[in-house]
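# A closer look at the structure
Here is how the chains run, residue by residue.
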Amino acid sequence: MFKPVGSAEATMTIYLDGRAIPARAGETIAACLLRAGVTHFRTTPVSGAKRLPYCMIGHCFDCLIEIDGIGSRQACLNAVEIGMRLRTQDGPASIPGLDV
Amino acid sequence: MMLAPDADAIIIGAGPAGMSAAIELASSGCRVIVLDMQPSPGGQVYRSLDENMQARPQTDDLLSALGPAYSAGLPLIARFRATPGIEYRPSTTVWDLRADGTVGWLDGEAAGYLRAPHVILACGAMERPTPFPGWTLPGVMTAGAVQTLLKAGRLKPAGRIVLAGTGPLIVLLADQLRRLGVRPALIARTDRLKDKFTALKTLHPTGVPALLKGLGWLARLRLAGVPMQTGISGLEAHGRGRLTSVRMIAAGRTIEIACDLLVVHDGIVPSTDLAHAAGLALEWLKDDASWRPRTTLDGRAEMAPGPALTMGPCRIRITGDARRIGGADAAVAHGRHAAGAILAELGHAAGKPAAGLTGIDVQRALATRPFLDAAFPPGLAAQLPDDAAIVCRCEEITAGALRAMIQDGTSDMNLIRGTLRCGMGACQGRSCAATLARFLMEADPDRPQPPSPFRARPPVRPLPLGALANMTGLDPELAQIESLDDKPEAIIENDTHA
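These numbers come from a predicted model, not from an experiment.

This paragraph deals with the overall build of chain B. A count of helical and extended segments in chain B gives 17 helices and 23 strands. In terms of C-alpha radius of gyration, chain B reaches 24 Å, essentially the compact-globule figure of 23 Å for 498 residues. Taking the principal axes of the C-alpha coordinates as reference, chain B spans close to 75 × 60 × 50 Å. Taken over 498 residues, chain B has a buried fraction of 50%. Contacts spanning at least 24 positions in sequence make up 71% of the contacts within chain B whose residues lie at least 6 apart.

Have a look at this one:
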C-alpha cells in the first residue's frame, strides 16, 4: 500500500510478533509498519475486525498496538526504538498475569 | 487561589499558530512553555520539515514534491527554536485543561500539572468525520494521514489508489502524488462546477493567488491524464478484512473500481476536544457539520453556561485552526494577534504593533475562507449515512442503532453514549460526536439548544497509571497523600493486607 520515497534508510530493527522489521530512526511505528506491508495492527474488541491507521494524527485511535508489553498504545504518535517489541493486539488490551 | 505559576503563558501546540504566539510573547520577555504532541515543531502543515531539510539530498525528491508551501515554514520553525524564553516540550500530550490556567501533561512515563495566568490553545484541526459504509476497512485513510505519511514517514502510496471527497487538500495531495510519479485510478469529487460559480461571488481579491494555484493543480492533473469525476455521491468501500473496491454514484449511474487504498477527505474542522473538556463554550455550525469554540477576535474563549470545574475568570485563548479554519498564514497572523492581546494585558505592549493592525492581518488572512467554504461544501458528510454504516469506529455502533434510539425519543448525547456506548471507546468520541449531533439535529431541527459534544472529564487522552502515581505539580489543597498512618485502625498485627 505504501513504499518509500527514495531509499528507506533503515538503520535499526524492531520486531512485530517476533518478526524483524527494518526501521528508520525518527519515524513513527505506524509509518514503519505500513512500509513493511503489515495488514492490520489490531482487531477490534467488539467484532474482531481488522484495523489499520486511519487519521495518523492521534485522533482516531485505530492504530492501537502493544508496545513493549503495554497494550492499546498509539502507533502514530510513538517513534520506533532499537529492538522495540510490538505485538498485534487482538481485541482489548491484556495485562500480563491478570484476567480482566 | 492559584499556585505559583510555572510560566507567564502555556501554549498547547507547536504548529504555525502556537509557534507564532510563542515567538511574540517570548521576544517581549515572557517566559513561555510550549507543549506539543509531535517530536518536532511545525504542526501538521510543516510536519517533520526540519528533519527533511537536514536529511537532504536524500529528501530532495520529497521536498520538491511537497512544494514551496511546505518549505515556507522553515523560517518560522528556525525562529521558534532560536527565540530565548521558550521552553519547548515536544512529544508531550495534554490530557487535562482547565479554565483557570491549569494544564495536565504527559511525556512518556512522566506526567504532571503546569499552571500559568494565560493559556493559548493552538491544537489545530482534524478532518471532518465522514462515516460511510466500509470506512473502517484497512486501506481506507484520510488525505491528512497520507500527507503525514509523506512528510514524516517519507512514504508514498502504491497500487490502485482512489481519492474521494472534496476540499483544496485533496487536489493538492493529488498534485503532490503526481510529482512523485503516483497516478491515482480516480479522483472522485463530491463538489460540482456550479459550487465554483456560486463561490465566485464570495471571492475576495486576496484569494485570487490561491484560486490560481488551485487551477494550476487541476490543469496539471488533467494534463497528466488523471481521471477526475465531480458530483459523486453514495461512496462505499468494500472488501473482506481489507479494502478491495470502492463504489459510488457518478453522473446518475453506479460505478465500481478495484482499489487497494481509498483516500478520503471532506475538509477540516477545529479540534475542540480540549476546549470542550475545559468547559469552554462551543457553537454548532449546521452547514459545516462541526463545532467551533466561541471566541472574540483576539481569541479569548468564554465558559459554557452551567456549573464549571474551576472558579474565577477564563484564562484561555484559542488561536489558529483550533479557533477558525484558515490555514497556516491565518494561523500565524492570529497567533501573533492573540499574543499581542496578552502582552497588552501584561503591560508589555510598548513598541509592539497596535492590536488594530494585527487584527487587520487576521481579517485579511481569513478573507479567502468564505470562497473556499462555498467552492468545497461538505460532501461526504452532506447526507447522514445509511443504517448499516458504522458511526462510532471504536465501539462499532451503526447509524441504524443510533436512529432507532433517537426515534424512541432520546435526544441527549450523554444518554446515548451511556446506553449504546457510542463515543465510549478509545478515541473518546472524537470521531463520532459530530455525526451523532447531526442525527439529533435532523430528528429535531427546532430543539432549543444544538447538542454539545459528549461530556468530557480528564484524562481526555490515555494516562498510564504509573505516570498518574508519580505526578508532579499537584495542588496540595486538592491532592491528599494517604498513608497507613492516616488509618491506624487498619494496621492489625500479622495482617499483610493492611
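Along the polypeptide, Asp-412 of chain B turns up in the loop between helix 14 (399–407) and helix 15 (413–420). Among the residues examined, Asp-412 of chain B registers 11 C-beta atoms within 10 Å and is labelled exposed.

A few words now on the interface of chain A and chain B. With 37 residues of chain A in contact, the opposing surface of chain B contributes 40 residues. A per-class count over the side of chain A that touches chain B returns 19 nonpolar, eleven polar and seven charged.

Let's shift gears to the domain arrangement of chain B. Segmentation of chain B into domains returns domain 1 (9–126 + 269–352), domain 2 (140–266) and domain 3 (390–443). The C-alpha-based centres of domain 2 of chain B and domain 3 of chain B are spaced at 29 Å.

Working note: non-glycine residues mostly have negative phi, and peptide bonds are mostly trans. In this chain, Arg-56 of chain B is followed by Pro-57 of chain B through a cis amide linkage whose omega measures 5 degrees. The amide bond that connects Pro-458 of chain B to the next residue, Pro-459 of chain B, takes the cis arrangement and shows omega of -5 degrees. Its place among the elements puts Pro-459 of chain B in the loop between helix 16 (433–443) and helix 17 (465–469). If you check the backbone angles, Asp-17 of chain A has positive phi at about 50 degrees while not being a glycine. You can see Asp-17 of chain A is positioned in the loop between strand 2 (12–16) and strand 3 (19–23). For Asp-17 of chain A, a count of 10 C-beta atoms within 10 Å corresponds to the exposed category. Despite not being glycine, Ala-289 of chain B shows a phi value in the positive range, around 50 degrees. Inspection of the secondary structure puts Ala-289 of chain B in the loop between strand 19 (282–285) and strand 20 (290–293).

Turning next to the sheet that holds strand 13 (residues 228–229) of chain B. Two orientations exist for strands paired in a sheet by backbone hydrogen bonds: parallel and antiparallel. Residue and element names in this part refer to chain B. The strand order 9-17-11-12-13 describes an open sheet built from five strands, whose pairing is parallel. Lying at the two open borders of the sheet, with one neighbouring strand each, are strand 9 (140–142) and strand 13. The sheet strands contacting helix 6 (residues 143–151) are strand 9 and strand 17 (261–266), and the helix crosses strand 9 at an angle near 80 degrees.

Here we take up the sheet that holds strand 14 (residues 233–238) of chain B. Residues and elements named next belong to chain B. Taken in spatial order, the three strands make up an open sheet running 14-15-16, and their pairing is antiparallel. Only two strands of the sheet have a single partner each, and these edge strands are strand 14 and strand 16 (253–258). On average, each strand axis in the sheet is tilted by 15 degrees relative to the strand beside it, whichever way the strands run. With six bridges joining them, strand 15 (residues 245–250) and strand 16 adopt antiparallel strand pairing. Of the residues in strand 16, the one forming a bridge with Arg-247 is Glu-256.

Let us look at the nonpolar core. Residues and elements named next belong to chain B. The biggest cluster of nonpolar side chains holds 165 residues, and the ones touching the most others in it are Ala-9, Ile-10, Ala-22, Val-32, Leu-121, Leu-262 and Leu-436. When residues of this core are assigned to their parent elements, the largest contribution, ten residues, is made by helix 11 (residues 327–346). For Leu-262, the contacting residues outside a window of four places in its chain are Gly-139, Val-140, Val-162, Ala-164, Ala-237, Leu-243 and Val-246. Ala-199, Phe-371, Ala-375 and Phe-376 belong to the second largest nonpolar core, which has five residues in total.

Next up on the list: the packing of helix 1 (residues 16–26) of chain B against helix 11 of chain B. Residue and element names in this part refer to chain B. Running from amino to carboxyl end, helix 1 crosses helix 11 at an angle of 35 degrees, the nearest separation of the two axes being 7 Å. The two elements helix 1 and helix 11 meet at a crossing, and its hand is right-handed. For the pair formed by helix 1 and helix 11, the contact residues are Pro-16, Ala-17, Gly-18, Ser-20, Ala-21, Glu-24 and Leu-25 on the first element and Ala-328, Ala-331, Val-332, His-334, Gly-335, Arg-336, Ala-338, Ala-339, Gly-340, Ile-342 and Leu-343 on the second. Looking at the contact of helix 1 with helix 11, its residues break down into eleven nonpolar, five polar and two charged.

Further remarks concern helix 7 (residues 168–179) of chain B. Residues and elements named next belong to chain B. The terminal C-alpha atoms of helix 7 lie 17 Å apart, and with twelve residues this matches the ideal 16 Å at 1.5 Å per residue to within 8%. Among the residues of helix 7, those classed as buried are Leu-169, Ile-170, Val-171, Leu-173, Ala-174, Asp-175, Gln-176 and Leu-177. At the C-terminal side of helix 7, Gly-181 shows a positive phi close to 80 degrees.

Thresholds applied
Residues numbered from 1 in each chain as written. Chains lettered and ligands numbered in written order. Predicted model: local features only at pLDDT ≥ 70, side-chain atom pairs only at ≥ 80, totals over all residues. Helix = DSSP H or I, 4+ residues; strand = E, 2+ residues; numbered from the N terminus. Rg over C-alpha atoms; globule rule 2.2 N^0.38 Å. Buried ≥ 20, exposed ≤ 12 C-beta atoms within 10 Å, placed from the backbone. Contact = placed C-beta atoms within 7 Å. Nonpolar A, V, L, I, M, F, W, Y, C, P; charged D, E, K, R; others polar. Domains from an automatic or database assignment. Pairing = 2+ DSSP bridges. Axes fitted to C-alpha atoms, helices over the stretch in contact; angles between N-to-C directions. Core = buried A, V, L, I, M, F, W, Y, C linked by C-beta atoms within 7 Å. Left-handed = near helix turned anticlockwise from the far one by under 90°. Expected span 1.5 Å × (residues − 1).

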